[in-house]
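Structural overview for review
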Amino acid sequence: MRYQPGASVAQTAVRILTEAQIHRVYAVVGESFLDLLDALQRERSITFVSARHDSGAAFMAEAEGKLTEHPAVLLAGRGPSAANLAIGVSTAYQDESPMVVLLENPPQDPGPTSELPTADLTAMFEPISKWTGRAESPDEVPGLLVEALTRCREGRPGPTVVAVPADFWGVPFDSAKPVAAVRPPATGALGRTAEAVAQLVDEARYPVVIVGGRARAARDELIAVADELALPVYNAFRRQDAFPENHARYAGHLGIGIPARQLDALERADLVLALGTQLDEVTTQSFRYPTPSQTLVLVGTGIEPARRGGLTFRVDSEVEPFLRELRNVASPRQRRASAANAAVHTFMTPPDTSGATRVHPADVIRAVRKLAPEDAIVTSDAGNFAQFMHRYWCFTAPRSQLGPSNAAMGYAVPAAVAAKLAEPRRTVIAMAGDGGALMTGQEIETAVRYRVPVTVLVFQNGVHGPLAVHQARKHGRLSGVTVPVTDFASWARGLGAAGYTVDDREELEPIIASALVRQRPCVIDIRTDPDVVTPDIRLTSLLGASRQQQGGQ
């Protein structure tokens with residue numbers, strides 16, 4: 001790309017973003033980036049999304065990258081602004097979501113000012129980003145931006161950070177050297193690797209597959225391979241849209257609270273094919289799998305070798321071409337669906353709650369799944385309520401789940417805003433607990449302002465469930481985990497959205513049906529039973545068992 005004579009650094013940067021097909025830039029508007037914001041205002045192909053809080057903007061950018069596999073841009077002002085968005089950047093780093101962060105550094109020539117001094121926070125992002133760059137002169141900014149756009153998708157995707165002094169954006173870009181174009185991501189080379197893996201598959205008695213988020217693009221090939229090679233397939237934690245959960249070869253979601261019978265295929269396996277996943281702590285069931293006796297094949301560009309005692313092979317290739325080649329060289333197999341597939345149907349069947357006096361979280365999932373379109377996008381926060389969604393939703397459509405694998409709270413609402421902006425024709429549903437909703441729920445106002453009709457379900461049980469479970473087990477009492485009841489319906493209406501309250505199970509379906517067809521943001525405050533903390537655990541039972549144990553000692 002050649003620069004335009006007389007263009008500023010900001011105008012040149014916007015031209016680079018346009019040619020890289022960046023669709024959205026997220027930030028909290030302040031005095032930062034004045035020249036860049038002015039240049040963005042003149043570019044119709046890029047939407048500037050002004051969020052209510054930096055963490056919300058960061059979650060939005062991360063969610064767009066995760067959903068589309070194409071980066072969004074995140075702007076961060078000095079000091080508190082940069083610190084506030086670290087949680088979203090960290091989520092992008094752990095979940096392999098492409099993102100470009102433009103970090104404002106203090107002016108190179110500050111001059112007389114009454115502002116408090118601020119530090120260069122670039123180093124803070126180094127442990128949670130793929131690459132960081134710092135502009136030492138205005139002419140370096142375009143080249144660094146191109147490098148950031150390239151590196152965020154190369155190898156293992158993730159966030160890249162470019163720090164730019166505040167007074168560089170308005171300076172004319174005078175470099176006579178053309179700016180390089182953004183490089184397309186490399187796909188990796190297969191060579192004879194697929195043949196070697198095919199031989200392992202042919203020789204294995206019980207091969208299984210674990211698929212992660214980076215296998216989403218290979219969905220059709222994955223289904224074909226699972227059918228032709230008779231492979232049981234597990235979805236990695238919070239990546240349940242990688243392989244359809246209603247498929248005969250589906251073995252289960254490697255999440256929290258998975259019963260032993262559903263792990264049957266993984267327990268018996270002698271070969272594990274890990275496709276597009278880093279094998280995190282939850283997916284590996286606290287690093288239990290793959291066992292040292294199981295051969296592991298890791299497939300994906302930039303995937304780091306697993307730290308384990310068993311035999312490990314690494315295939316540095318995108319998942320789709322690898323699977324295509326594997327189909328060509330591996331021998332077809334005939335095998336009945338595993339016991340894990342039978343177990344998963346039982347596991348995913350919602351319980352009979354007809355005797356419940358309060359709204360059961362499983363009733364909520366059952367009602368929404370019945371009424372929402374098949375391809376609805378579901379975003380979720382961390383929290384015990386999410387276990388009901390993981391267990392009972394049954395993800396069948398591609399690119400339909402957005403959730404952080406690092407247990408970041410406050411993700412669901414801003415992620416839903418970004419998902420609806422990126423996929424305006426699809427229904428988007430956010431699921432959050434009362435704790436997470438109070439952290440970033442103000443982004444409902446952002447949805448109202450940008451006319452983004454998302455539906456937000458707040459599971460309000462008045463308690464921080466995960467901590468309550470730990471306290472009940474260890475001490476037999478609760479401390480600091482209760483949350484006062486909040487009128488989220490009135491709160492939503494105050495922000496310009498529609499608000500509903502559900503405290504009776506008979507109201508669930510009519511209210512959810514009404515919210516899903518409204519062309520405006522809607523918040524449904526669902527008062528769920530605080531005793532039902534997980535699908536299998538009741539808080540009163542834990543407290544009673546702990547007190548009984550302590551009394552007997």
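Rules used throughout
- Residues numbered from 1 in each chain as written.
- Predicted model: local features only at pLDDT ≥ 70, side-chain atom pairs only at ≥ 80, totals over all residues.
- Heavy atoms only, no water.
- Helix = DSSP H or I, 4+ residues; strand = E, 2+ residues; numbered from the N terminus.
- Rg over C-alpha atoms; globule rule 2.2 N^0.38 Å.
- Buried < 20%, exposed > 50% of the residue type's maximum accessible area, 1.4 Å probe, protein only.
- Arc of directions from axis to C-beta.
- Phe/Tyr/Trp six-rings, centres within 6.5 Å; stacked < 30°, edge-to-face > 60°.
- Lys NZ or Arg CZ within 6 Å of the ring centre and 35° of its normal.
- Axes fitted to C-alpha atoms, helices over the stretch in contact; angles between N-to-C directions.
- Parallel < 35°, antiparallel > 145°, perpendicular 65-115°, else oblique.
- Left-handed = near helix turned anticlockwise from the far one by under 90°.
- Contact = heavy atoms within 4.5 Å.
- Nonpolar A, V, L, I, M, F, W, Y, C, P; charged D, E, K, R; others polar.
- Core = buried A, V, L, I, M, F, W, Y, C linked by side-chain atoms within 4.5 Å.
- Pairing = 2+ DSSP bridges.
- Polar contact = N/O pair within 3.5 Å; in protein donor to acceptor, adjacent residues only side chain to side chain.
- Salt bridge = Lys/Arg side-chain N within 4 Å of Asp/Glu carboxyl O.
- Patch = residues over 30% accessible without salt bridge, like charges linked within 9 Å, V, L, I, M, F, W, Y side chains within 5 Å.
- Areas by Shrake-Rupley, 256 points an atom, 1.4 Å probe, with all protein chains shown as cover.
- Lys, Arg positive; Asp, Glu negative; His and termini not counted.
- Charge placed at Lys NZ, Arg CZ, Asp CG, Glu CD.

For the rest of this paragraph, the subject is the overall build of the protein chain. Counting its regular elements, the protein chain contains 21 helices and 18 strands. Relative to its length of 553 residues, the protein chain is compact, with a C-alpha radius of gyration of 25 Å against a globular reference of 24 Å. By its C-alpha atoms, the protein chain is 75 × 60 × 50 Å across when sized along the principal axes. Here the protein chain holds 553 residues, and the buried ones make up 57% of them.

For an α-helix the count is 3.6 residues per turn, leaving residues at separations of three or four pointing the same way. Within the span of helix α12 (residues 339-347), buried status applies to Ala 340, Asn 341, Ala 343, Val 344 and Phe 347. Within α12, the buried residues cover an arc of 160° as seen down the axis, which keeps them to one side.

Enumeration according to the criterion identifies five aromatic pairs in this entry. The interplanar angle of 75° and the centroid separation of 5.3 Å between the aromatic rings of Phe 59 and Tyr 411 together place this pair among those described as edge-to-face. Of this pair, Phe 59 sits in helix α3 (residues 54-68) while Tyr 411 is found in the loop between β14 (401-402) and α15 (412-422), placing the two residues 352 residues apart along the sequence. Per residue, the accessibility class of Phe 59 equals that of Tyr 411, and both read buried. Between Trp 393 and Phe 395 the ring centres are 6.2 Å apart and the planes differ by 45°, which places this aromatic pair in the tilted class. In this structure, Trp 393 and Phe 395 share a single accessibility class: buried. Lying over the aromatic face of Tyr 93, Arg 156 brings its terminal NZ or CZ to 5.1 Å of the ring centre.

Here we come to the packing of α3 against helix α5 (residues 86-95). In helix packing, the relevant descriptors are the interaxial angle and the interaxial distance, both defined with respect to the helix axes. With their axes 7 Å apart at the nearest point, α3 and α5 run at an angle of 20° to one another. By the criterion of interaxial angle, the relationship of α3 to α5 is roughly parallel. The interaxial crossing formed by α3 with α5 has right-handed handedness. The residues of α5 that touch α3, namely those facing Ser 55, Ala 58, Phe 59, Glu 62 and Lys 66, are Ile 87, Gly 88, Val 89, Thr 91, Ala 92 and Asp 95. Grouping the amino acids of the contact of α3 with α5 by side-chain chemistry returns five nonpolar, three polar and three charged.

This part takes up the nonpolar core. If you look at the biggest cluster of nonpolar residues, it comprises 52 residues, and the most contacted ones within it are Tyr 26, Leu 74, Val 89, Phe 125 and Val 456. When residues of this core are assigned to their parent elements, the largest contribution, nine residues, is made by α15. In contact with Val 456, other than residues within four places in its own chain, are Val 413, Ala 430, Ile 444, Cys 522, Val 523 and Ile 524. Judged by nonpolar contacts, the second largest core, of 51 residues, contains Val 201, Leu 273, Leu 296 and Val 315.

This next bit is on the sheet that holds strand β1 (residues 24-27). The six strands are arranged β2-β1-β3-β4-β6-β5 in an open sheet whose pairing can be described as parallel. One side of each edge strand has no neighbouring strand; the edge strands of this open sheet are β2 (47-50) and β5 (131-134). The sheet shows a mean angle of 20° between the axes of neighbouring strands, taken without regard to direction. Relative to β2, β1 runs parallel, the two being bridged by four bridges. Counterpart to Ala 27 in the pairing with β2 is Ser 50. Contacts between α5 and the sheet are confined to β3 (72-76), β4 (99-105) and β6 (159-165), with β4 contributing the most and set at about 145° to the helix.

With respect to the secondary-structure elements, His 253 resides in strand β9 (residues 250-253). Among the polar contacts listed, one links the side chain of His 253 to the backbone nitrogen of Arg 238, at a separation of 3.0 Å. Leaving out residues up to four positions away in the same chain, His 253 has contacts with Asn 235, Ala 236, Phe 237, Arg 238, Gln 240, Glu 245, Ile 258, Gln 262 and His 390.

Moving on to the pattern of salt bridges. In total, this model carries 28 salt bridges according to the counting rule given. Notably, a salt bridge pairs Glu 445 with Arg 52, separated by 3.5 Å at the nearest N-O pair. Of this pair, Glu 445 sits in helix α17 (residues 443-449) while Arg 52 is found in the loop between β2 and α3, placing the two residues 393 residues apart along the sequence. Judged by relative accessible area, which is 18%, Glu 445 ranks as buried. In this structure, Asp 363 and Arg 366 form a salt bridge, with 2.8 Å as the shortest nitrogen-oxygen distance. Taken together, the residues span about one helical turn, with Asp 363 and Arg 366 both in helix α13 (residues 361-371) at a distance of three residues. Classification of Arg 366 by relative accessible area gives partly exposed; the value is 33%. Beyond isolated ion pairs, a larger network of salt bridges with shared partners links Glu 221, Glu 228, Glu 320, Arg 324 and Arg 327.

Negative charge collects at one region of the surface, where Glu 136, Asp 139, Glu 140 and Asp 174 lie side by side. Along the chain, the position of Glu 136 falls in the loop between β5 and α7 (141-151).

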